[in-house]
Structures are given as structure tokens and as C-alpha cells.
Amino acid sequence: MTTPEIPKPDPLKKFRPFVPENMEMKEFTLRAVLLGLVLCVVLGAANAYLGLRAGITIAATYPAAVISMAVIRARKGTLLEENIARTAGSIGESVAAGAVFTLPAFVLAKAWPSFRFADAYWKSTALMTVGSILGVLFVSLVRRGMVEDPDLPFPESVAASEIHKAGQSSAEAAKYLFWNVGVGGLVYILGSFGLFAADRNFNFSVGNLGRSQVRLGTLGTPNVLNAGGSSLVAAPSVSPAYLGVGYIIGLRLASLQFAGGVVAWGLMVPLIMFLMGPRIRDFIPAGTPGDWATMAAAVGRYVVRPIAVGGMMVGAAYTLYKMRNSLTSGLSRAFSDLQQTSGQREGVVRTERYMSFKVVFGLIASMFVLMCFLYVRLSGLLWPAILAAVVMIIVGFLFSTVSGSLVGMIGSSNNPISGLTLSTLIIAALLMVSLGVSGIKGVATVLAVAAVVCVSAAVAGELLQDFKVGYILGGTPRYIQIVELIAVVVASLVMYFPLMWLHEGNLRHGGLGFGDPLIPAPQAGLMATLALGIVGGDMPWPLVVVGVFMGIALIMMQVKSPMLVAVGMYLPLQTTAAIFLGGVFRSVGDWLAERRGYNPAQRARVENAGILTSSGLIVGEALLGLVWAGLQFIPSWQPPNHPPSIFQDPSYVVGGMIVLLGLTTLMIWLPLSSAGSPDEPAPPTAMM
């Protein structure tokens with residue numbers, strides 16, 4: 001892997017995978033596939049729960065890697081079998097993310113009468129199946145160029161590959177991973193049980209309410225605007241996973257993302273709160289509590305986020321432009337493969353064997369026909385539905401590619417799938433409006449396009465991450481493609497049920513179902529609002545256009561990734577701040593290694609230990625996060641008994657900061673302590 005922190009490798013030097021390309025090893029076996037499918041369903045269902053409750057999903061790559069390694073090695077299996085099981089097991093999270101971000105929107109927008117089996121199962125399953133299969137096919141067309149791109153660090157792919165390699169190497173390497181799995185899990189679970197507060201918002205005054213003024217004219221003019229108010233800022237989350245991701249991607253990318261959060265919560269929200277003052281209550285959505293913190297949060301959601309969406313639209317276009325050579329190269333290889341004979345394909349080395357592109361293009365054509373029938377059935381319209389299918393194919397391919405690029409930069413945990421889906425939704429809604437389509441049929445068509453693109457982009461990003469792991473380990477791409485197709489179909493068939501269970505269970509307990517405080521489904525609520533707003537002519541276009549011009553300005557300023565800045569505006573500040581801290585920890589460690597005069601061999605050992613330490617922290621929080629999600633299904637854990645808390649009012653300033661200081665010491669000191677003697681030879685590294 002190439003990171004932003006080290007020089008790029010010699011392009012003339014051929015990369016060598018962990019398992020040599022000429023070595024034959026058990027890989028696509030029944031036990032590996034079955035284990036992967038079980039993990040796919042279980043981890044996908046847990047993430048569906050988290051997505052509805054908190055609006056986030058946890059990357060399943062790490063728990064899938066740890067579990068597959070433990071089970072397969074206990075059965076005397078091979079490294080490549082572990083990779084196949086992890087590949088199948090991790091994709092369920094992506095299908096779940098696409099489902100929870102969009103499917104509840106059909107119910108919230110009244111496009112479906114209910115979410116019961118008869119009203120929603122086949123529709124939900126069809127949308128997920130088409131979207132997930134297209135995601136696999138789209139990214140298969142550009143896999144080679146993106147996986148081999150030296151500018152994409154693939155932080156989570158490197159972490160996952162290190163998990164597998166740690167099981168094959170000495171205990172010295174494995175200890176950095178597995179000890180920190182325990183540390184990351186322990187920190188997460190102690191925070192969940194209330195030993196300390198993992199997050200904290202701080203209110204601060206912006207001007208002086210009743211005294212602050214803005215004079216709109218020369219001195220003495222009566223045109224004076226009474227101003228002043230209060231805003232809030234979030235402290236970094238005490239999250240081993242976020243810190244680990246920041247460490248792996250490095251300070252440069254982490255800083256770009258955090259810059260977006262600073263623009264949103266250090267500039268835009270305080271400025272609006274200052275100028276609007278108490279009058280802000282008259283304009284925020286009805287039912288919003290009147291305290292300043294809640295009003296500032298409403299401004300962030302309903303004003304700043306549409307601006308971020310405009311920035312992401314420009315960032316997406318710019319990302320595609322910068323990737324034009326890789327995309328062209330990948331598509332050229334795809335079309336040239338159509339001319340290959342079966343004998344030529346058999347002569348290719350194992351690590352270069354792909355599913356035939358004739359099959360890929362044939363499946364894409366079949367999915368397009370199926371999509372046309374599906375959209376006609378959902379909307380009751382003919383030509384608008386067919387045109388929507390055409391738009392979905394084009395936009396779906398482009399955004400699937402962008403999703404893969406983002407995963408390569410920041411990992412699937414921080415992939416802004418909902419932002420890409422919002423961009424798709426806007427495009428589809430504008431198309432429906434231009435065709436004169438309105439009412440609930442237009443809304444259903446718009447949401448159907450968004451749902452397929454959302455699932456497609458999520459699956460494409462995760463699959464590209466799996467391709468990268470296979471590239472590092474020496475897996476066979478064709479087997480990875482086949483097992484992913486099997487897994488996404490299985491996940492699509494079952495992912496409806498956890499959503500239905502939570503929705504119907506909430507209704508039976510007197511709740512509202514989707515949109516209830518217990519299962520708010522925030523992204524789906526936003527999708528429904530925007531679909532109804534655009535088709536109904538009530539879209540905040542000025543805010544989106546402001547975001548577009550902001551994105552253009554970032555490009556003109558030669559910002560490396562305008563998309564990352566816009567993503568930082570969209571994500572919670574506590575998330576981007578924690579990732580930024582992780583990047584700072586790595587930068588401090590590199591500075592100390594340089595100051596101590598470590599030679600290249602010592603720096604390689606420090607680098608390996610840092611990657612393994614960060615990987616372990618990510619795995620630990622992911623595993624315990626899924627365990628915590630599973631505990632929520634136990635009736636005795638429901639309110640008022642749940643959650644059991646060590647302290648009724650846990651502290652962030654005291655408890656949280658102590659834990660954060662401990663993680664800081666661990667992530668800087670532990671890698672430096674592994675430098676070893678300058679006379680020892682340099683070890684193989686995770687970097688390429």
C-alpha cells in the first residue's frame with residue numbers, strides 16, 4: 001500500500017502478492033463460502049439495526065476477517081480460504097447500508113402503504129438485488145486500474161490484509177494486532193456502559209444577544225441588524241476505530257476531511273446563528289426544541305448539509321475527471337477482453353484471472369431489462385420509468401466508481417454513500433419534474449432510482465476494498481467476483497426481515513415505526529423529504545448552488561480532494577475531529593522516529609507496528625459494537641432497564657480525556673518501541 005506519508009514506489013518494480021501468483025492453494029471451497037454467507041447475514045443484520053438507530057454502519061471487513069481467520073485456521077484451512085470467507089462476510093454490511101438509507105423512505109413518503117411482507121418484501125428485495133448485482137458488475141469493469149492506483153492508500157484494505165497475514169507470521173507481529181483488538185473493544189464497551197462519555201458538545205456564544213449589531217451602511221445609518229446568539233462545537237469522539245482510521249490514512253487526508261468540519265461548524269453555523277439571533281426559531285422546522293444547541297444542530301442539518309451536497313456533486317465530477325485515465329484504461333481492458341479466446345484467458349496467471357467481460361456486460365444488460373420492468377411496476381409509468389432506468393445505469397456506474405475511489409482514500413467506514421445517493425436523488429427528481437411527472441408516482445420513481453444507486457455504490461466500494469485485499473494477499477479475482485455475486489443475492493433475500501422486525505415491533509409498542517425516536521432512520525427521512533420537496537417544488541436550490549460554487553472554488557484553489565472537504569462538512573464534527581487526531585498521532589510518531597535517527601529498517605518496523613496497532617483498535621471497536629447491537633434485541637435490555645450504566649452522568653472532560661490520553665500514548669509509544677536494533681534487516685512491510 002502507498003500512503004500519503006511515504007514516497008511513492010518505483011513504478012517499474014512489479015508488486016509481489018503475499019501468496020505468489022504461481023502457487024496453487026485451496027481458495028474457493030464450500031466451507032469458506034458457507035462461513036462467508038453466515039457472516040454476511042449476521043453482520044448485515046446487525047448493521048441494519050445500527051443504521052436505523054444511529055444513522056451509521058460499522059465496516060464488517062474487520063470482524064469478518066477475524067472470525068474467518070479463527071474458524072478456517074481451526075479447520076486447517078488456507079489463507080486464501082480465509083480471504084474468500086471474509087469477502088463474502090463483509091458485503092452484507094454494504095447491502096444493509098443501502099437498504100436502511102433508502103427503503104424506509106418509501107414508507108415515510110407514503111409511496112408504499114406499509115412495510116408489511118405483502119406490501120414491501122418483493123419490492124425491497126428486487127431493489128436490493130438489482131442494485132447489489134450492478135455494484136459488483138460496475139466495479140468489475142474498473143477494478144484493475146483502481147486497485148493498482150498508487151495514489152489510493154486503501155487504509156481498511158491494508159488493515160484487513162494485515163489481520164490475515166498476522167495469523168501466518170510470528171507472534172511478534174500478531175501481538176500488535178490482537179492485544180489492541182482487546183484494547184479497542186474494552187474502550188468501546190466501557191464507554192457504552194457509561195464509565196466515560198465518548199462524545200461531548202460545547203456551547204459557545206457568538207456575539208452578545210441583545211447588544212450585538214451589524215451596521216448595513218455607513219456610520220450613522222439607521223440600517224442596523226440586531227444580532228447575537230449561541231452555537232455549538234463537538235469534541236473528538238473517544239473512538240479507537242476513528243483514531244485508527246486517521247492513523248492509517250495519515251495526516252494529509254485526515255486534515256482535508258476535518259477542514260470541511262471546521263468550515264461547517266466553525267464558520268457557517270456560527271455565522272448563521274449570529275445573524276439570525278432569536279429569529280432563528282421562526283424558520284427552523286416545527287417541533288424543534290427552542291434551546292440554542294438544538295437550533296444550531298437544525299441549521300447544520302437543513303442549511304449546511306444541502307451546501308455540502310452541492311460540494312459533493314462537484315467533487316464527484318472532479319474525482320471522475322481526475323480518474324479519467326484509470327477509467328479509460330480499465331474500460332479498454334474490459335472491451336479488449338471481449339476479443340480474447342478461452343485459450344488466451346487460461347494462459348493468464350492466477351492473480352490476473354477475472355470473470356469474462358462478456359459475462360459482465362451480459363449481466364449488466366439483463367439487469368437493465370429487469371430494472372425497466374421494476375420501475376414500471378413501482379411507478380405505474382412507462383417511458384419515464386425506462387428513462388429513469390437509463391439514468392440509473394449511467395449515474396450508477398459513475399457513482400459506483402466514485403464510491404470505490406472514496407473507499408480507496410478513506411475506507412468504507414467513512415464512505416459518504418448517503419451523500420452520493422442524495423446527488424442521485426436530485427438528478428432523478430429533476431428528470432421527473434422535467435418530464436412533467438408529479439405526485440406519489442414521481443416520488444416512488446425517484447426513490448427507486450436512489451435506492452438502486454445507493455445499494456450499488458455501497459456494494460461497489462466494499463467490493464473494491466475486497467479486491468484490494470485479494471490483490472495484497474494474492475487471491476484470484478474471478479473467485480472474489482463469484483462469491484460476491486452469491487453473497488449479495490443472499491443478503492438481498494434476507495435483509496428485509498431485520499428492517500421489518502424493527503419497524504413492526506416499534507409500531508406494536510405504540511411507536512411510529514420508521515421515524516420514531518427509537519428507530520429514526522435519519523438518512524431515509526432526508527431522502528423522503530428531498531424527494532417530496534423536489535417533485536413538489538420545494539427544494540433549497542440556492543443552498544445546493546452555493547455548495548456547487550464552493551466546490552468550484554476549492555478546485556480553483558487546487559485542493560487535493562474537494563470531495564473530502566465536502567464530506568467533512570456532511571459528517572458529524574466529532575467523527576472528523578477524531579480521524580484528524582489519528583492522523584496527528586501518526587505524524588508525531590514519524591517526527592519522533594526521524595528525530596531519534598531511525599534508519600529505514602527501523603522505520604519499516606515502526607510503520608508495521610503502527611498499522612497493526614491501528615488495525616487492532618478498529619477491529620476491537622467493530623466487534624464489540626456488533627455485540628452491543630445484538631444486546632439491544634434482548635427484551636430485558638429495553639428501557640427502563642437499558643442501558644445499564646456505571647455512572648448516571650459519565651464525564652467526557654475527566655473520564656473521556658483520560659481514555660483519549662491513554663490511546664494517544666499507546667498509538668505513538670507502542671510503534672516506536674518496536675523499532676529494534678539498527679543492525680537488524682528491514683522486514684517486509686504492508687506498503688507497496
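Computed from a predicted structure; not experimentally measured.

### Overview of the overall build of the protein
Right, on to step 1. Summing up its helical and strand segments, the protein has 22 helices and four strands in all.
Right, on to step 2. Out of the 688 residues in the protein, the part that is buried amounts to 57%.
Right, on to step 3. For the protein, the share of sequence-separated contacts (at least 6 apart) that also reach a separation of at least 24 residues comes to 84%.
Right, on to step 4. When the accessible surface of the protein is split by element, carbon and sulfur atoms take 65% of a total near 27300 Å².

### So, the pairing of strand S4 (residues 229–234)
Right, on to step 1. Of all six residues in S4, five are buried; the element is thus mostly enclosed.
Right, on to step 2. As judged from the six bridges shared by strand S1 (residues 201–206) and S4, these two strands associate in the antiparallel manner. Bridge pairing links Asn 201 to Ala 234 in S4.

### Some words on the packing of helix H7 (residues 240–276) against helix H20 (residues 573–595)
A pair of packed helices is captured by two measures, namely the crossing angle of their axes and the spacing between those axes.
Right, on to step 1. Direction vectors running N to C along H7 and H20 enclose 135°, while the axes themselves pass 5 Å from each other. For the element pair H7 / H20, the angle class is oblique. Pair H7 / H20 crosses with left-handed handedness.
Right, on to step 2. When grouped by side-chain class, the residues that make up the contact of H7 with H20 number 18 nonpolar, ten polar and one charged.

### A look at the nonpolar core
Right, on to step 1. Judged by nonpolar contacts, the single largest core of 188 residues is most densely connected at Leu 127 and Tyr 375.
Right, on to step 2. Once residues within four sequence positions are removed from consideration, Tyr 375 is found in contact with Leu 127, Gly 380, Ala 385, Ala 388, Ala 389, Met 392, Ala 448, Val 449 and Val 452.
Right, on to step 3. One finds Leu 39, Ala 64, Ile 72 and Ala 85 within the second-largest nonpolar core, a separate group that totals seven residues.

### A closer look at the pattern of salt bridges
Right, on to step 1. As enumerated under the stated definition, the model contains two salt bridges in all.
Right, on to step 2. As a salt-bridge pair, Glu 81 and Arg 31 come within 3.0 Å of each other at their nearest N and O atoms. Of this pair, Glu 81 sits in helix H3 (residues 79–108) while Arg 31 sits in helix H1 (residues 30–54); the two residues are 50 residues apart in sequence, bridging distant segments of the chain.

### As for the packing of aromatic side chains
Right, on to step 1. Going through the model one piece at a time under the given rule, you end up with 13 aromatic pairs.
Right, on to step 2. Plain terms: the ring middles of Phe 106 and Trp 112 are 4.2 Å apart, the flat faces sit at 15° to each other, and that makes the pair stacked. In terms of burial, Phe 106 and Trp 112 fall into one category: buried.
Right, on to step 3. Their ring planes at 10° and their centres at 4.7 Å tell us that Phe 117 and Tyr 121 sit as a pair that is stacked. Taken together, the residues Phe 117 and Tyr 121, both in helix H4 (residues 117–147) and four residues apart, mark about one turn of the helix.
Right, on to step 4. By way of ring pairs, the aromatic residues Phe 106, Trp 112, Phe 115, Phe 117, Tyr 121, Tyr 496, Phe 497 and Phe 514 are connected into one cluster.

### A look at H7
Right, on to step 1. Between the first and last C-alpha of H7 there are merely 38 Å, a value that for 37 residues lags more than 12% behind the 54 Å anticipated at 1.5 Å per step.
Right, on to step 2. Of the residues trailing H7, Gly 277 is marked for its positive phi of about 55°.

### Thoughts on unusual backbone geometry
Right, on to step 1. At Lys 76, a residue that is not glycine, the phi angle is positive and equals roughly 60°.
Right, on to step 2. Following the sequence through the fold, Lys 76 ends up in the loop between helix H2 (61–74) and H3.
Right, on to step 3. Relative accessible area serves as the criterion here: at 74%, Lys 76 is assigned to the exposed category.
Right, on to step 4. Non-glycine residue Lys 110 carries a positive phi angle of around 65°.
Right, on to step 5. Relative to the assigned elements, Lys 110 resides in the loop between H3 and H4.

### Comments concerning the side chain of Gln 602
Right, on to step 1. The topology assignment puts Gln 602 in helix H21 (residues 600–631).
Right, on to step 2. Overall, the relative accessible area of 6% leaves Gln 602 in the buried class.
Right, on to step 3. Not counting residues within four places of it along the chain, the set of residues in contact with Gln 602 comprises Gly 597, Ala 675, Gly 676, Ser 677 and Pro 678.

### Brief notes about the environment of Asn 506
Right, on to step 1. Mapped onto the secondary structure, Asn 506 falls in helix H16 (residues 496–508).
Right, on to step 2. Each C-alpha atom of the pair Asn 506 and Ile 519 lies 8.1 Å from the other, and the pair is 13 residues apart in sequence.

### Describing a nonpolar patch on the surface
Right, on to step 1. On the surface, Phe 202, Phe 204, Val 233, Val 653, Val 654 and Ile 658 cluster together to form a nonpolar patch covering roughly 480 Å² of accessible area.
Right, on to step 2. At the level of secondary structure, the elements contributing two or more residues to the nonpolar patch comprise S1 and helix H22 (652–672).
Right, on to step 3. A total of three residues in the nonpolar patch trace back to one element, the largest contributor, which is H22.
Right, on to step 4. If you trace the backbone, Val 653 turns up in helix H22.

### Considerations on the packing of helix H11 (residues 357–379) against helix H14 (residues 439–473)
Right, on to step 1. In contact at an axis separation of 8 Å, H11 and H14 are set at 145° when each is read in the N-to-C sense. Here H11 runs over H14; the crossing is right-handed. Within the contact between the two elements, H11 uses Met 371, Tyr 375, Leu 378 and Ser 379 and H14 uses Lys 441, Ala 444, Thr 445, Ala 448, Val 449 and Val 452.
Right, on to step 2. Each residue belonging to the contact of H11 with H14 can be placed in one class, and the counts come to seven nonpolar, two polar and one charged.

### Considering the confidence of the model for the protein
Right, on to step 1. Averaged over all residues, the pLDDT of the protein equals 81, while 85% of them reach at least 70.
Right, on to step 2. The lowest-confidence element of the protein is helix H10 (residues 342–346), averaging 53 in pLDDT; the highest-confidence one is H22, averaging 94.
Right, on to step 3. Counted against residues more than four places away or in other chains, residues 1–12, with its pLDDT under 50, gives 33 contacts.
Right, on to step 4. Across residues 684–688, confidence stays below pLDDT 50; counting only partners more than four residues off in sequence or on other chains, it has 22 contacts.

The rules behind each value
- Residues numbered from 1 in each chain as written.
- Predicted model: local features only at pLDDT ≥ 70, side-chain atom pairs only at ≥ 80, totals over all residues.
- Heavy atoms only, no water.
- Helix = DSSP H or I, 4+ residues; strand = E, 2+ residues; numbered from the N terminus.
- Buried < 20%, exposed > 50% of the residue type's maximum accessible area, 1.4 Å probe, protein only.
- Contact = heavy atoms within 4.5 Å.
- Areas by Shrake-Rupley, 256 points an atom, 1.4 Å probe, with all protein chains shown as cover.
- Pairing = 2+ DSSP bridges.
- Axes fitted to C-alpha atoms, helices over the stretch in contact; angles between N-to-C directions.
- Parallel < 35°, antiparallel > 145°, perpendicular 65-115°, else oblique.
- Left-handed = near helix turned anticlockwise from the far one by under 90°.
- Nonpolar A, V, L, I, M, F, W, Y, C, P; charged D, E, K, R; others polar.
- Core = buried A, V, L, I, M, F, W, Y, C linked by side-chain atoms within 4.5 Å.
- Salt bridge = Lys/Arg side-chain N within 4 Å of Asp/Glu carboxyl O.
- Phe/Tyr/Trp six-rings, centres within 6.5 Å; stacked < 30°, edge-to-face > 60°.
- Expected span 1.5 Å × (residues − 1).
- Patch = residues over 30% accessible without salt bridge, like charges linked within 9 Å, V, L, I, M, F, W, Y side chains within 5 Å.
- pLDDT = per-residue confidence, 0-100.

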